[in-house]
Amino acid sequence: HEQCVKYIDQYDESYFHWQVTRNPYSRLVSCYFDKINRAGTRWYLDGASFADWIETLASGDVESFDRHWRPQSISGEPVGAVCHLERLTDDFRELVAPNVGMDPVEFSNIMPATRRYGEPYQAYYGERQVEIVKHIYARDFEVLGYDINL
């Protein structure tokens, strides 16, 4: 992400804008393991369970969330295509490549959360966490086309 910052001053309305999004449920499990539950990161919360962290999100201001777990639809920036990480190769081939004059690309290094964390992301959620995520990320589910049900 930091590499993109140097190009912000070169923004041009005529460019084709696209973004990659991720299912909010799997994204939060990934954030928890990669940021919150990993010693040495600036977000590390010693001893916080996934449920504890989701409760923390529930009491926070969404606008001030870190970009790693801020709702993906919050920017409101118009984009020409939304590619879902879960089907990135297909979405890129159909939505982006034809608009930017590229040949299709195979994104083969995307590792499902199940392989990374041992259990499907659904296993980390209880009823309370699901309700919190549905509330905080309602617009992501709606606008980005993800199923709100776990």
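Residues numbered from 1 in each chain as written. Predicted model: local features only at pLDDT ≥ 70, side-chain atom pairs only at ≥ 80, totals over all residues. Heavy atoms only, no water.

Undergrad: Which residues make up helix α6 (residues 127-136), and what values do they have?
TA: Looking only at α6, the buried set comprises Gln 129, Val 130, Ile 132, Val 133 and Ile 136. Down the axis of α6, the smallest arc covering the buried residues is 165 degrees, so these residues share one side. Exposed residues on α6 whose side chains face more than 90 degrees from its buried face are Glu 127 and His 135. Contacts made by the buried residues of α6 are with α2 (24-36), α3 (50-58) and α7 (138-144). (Buried < 20%, exposed > 50% of the residue type's maximum accessible area, 1.4 Å probe, protein only. Helix = DSSP H or I, 4+ residues; strand = E, 2+ residues; numbered from the N terminus. Arc of directions from axis to C-beta. Contact = heavy atoms within 4.5 Å.)

Undergrad: Lay out the packing of aromatic side chains with the relevant residues and their values.
TA: Applying the stated criterion across every chain, the model contains 13 aromatic pairs. Ring plane angle 85 degrees and centroid distance 5.5 Å describe the contact between Tyr 32 and Phe 50, whose orientation is recorded as edge-to-face. You can see Tyr 32 sitting in helix α2 and its partner Phe 50 sitting in helix α3, a full 18 residues away along the chain. Ring plane angle 75 degrees and centroid distance 5.4 Å describe the contact between Phe 92 and Phe 107, whose orientation is recorded as edge-to-face. (Phe/Tyr/Trp six-rings, centres within 6.5 Å; stacked < 30°, edge-to-face > 60°.)

Undergrad: Explain the environment of Gln 122 to me, and be specific about the residues and the numbers.
TA: Relative to the elements of secondary structure, Gln 122 occurs in the loop between α5 (113-117) and α6. Spatially, the C-alpha atoms of Gln 122 and Leu 150 are 6.6 Å apart, while their sequence positions differ by 28 residues.

Undergrad: Talk me through the packing of α2 against α6; I want residue IDs and the actual numbers.
TA: Packing of α2 against α6 leaves a shortest axis separation of 11 Å and a crossing angle of 110 degrees. Between α2 and α6, the angle falls in the class roughly perpendicular. Of the two elements, α2 crosses α6, and the hand of that crossing is right-handed. On α6, the residues touching Pro 24, Tyr 25 and Leu 28 of α2 are Val 130, Val 133 and Lys 134. (Axes fitted to C-alpha atoms, helices over the stretch in contact; angles between N-to-C directions. Parallel < 35°, antiparallel > 145°, perpendicular 65-115°, else oblique. Left-handed = near helix turned anticlockwise from the far one by under 90°.)

Undergrad: I'd love a proper account of the pattern of salt bridges, names of residues and values included.
TA: Tallied over the full model, the rule gives 5 salt bridges. When the shortest N-O distance is used, the salt bridge between Asp 66 and Arg 42 registers 3.9 Å. You can see Asp 66 sitting in the loop between α3 and β2 (81-84) and its partner Arg 42 sitting in the loop between α2 and α3, a full 24 residues away along the chain. Look at Asp 66 and you get buried, because its relative accessible area is 17%. The exposure class of Arg 42 is exposed, given its relative accessible area of 67%. For Glu 131, the salt bridge identified is with Lys 134, shortest N-O distance 3.8 Å. Residue Glu 131 and its partner Lys 134 are located together in helix α6, separated by 3 residues, close to a single helical turn. (Salt bridge = Lys/Arg side-chain N within 4 Å of Asp/Glu carboxyl O.)

Undergrad: Pulling in residues and values, what's your account of the packing of α2 against α3?
TA: Contact geometry of α2 with α3 gives a least axis separation of 11 Å together with a crossing angle of 105 degrees. Taken as axis vectors, α2 and α3 run roughly perpendicular relative to one another. Of α3, the residues touching α2 (which contributes Leu 28, Val 29, Cys 31, Tyr 32 and Ile 36) are Phe 50, Trp 53, Ile 54 and Leu 57. Class assignment for the residues of the contact of α2 with α3 results in 9 nonpolar, no polar and no charged. (Nonpolar A, V, L, I, M, F, W, Y, C, P; charged D, E, K, R; others polar.)

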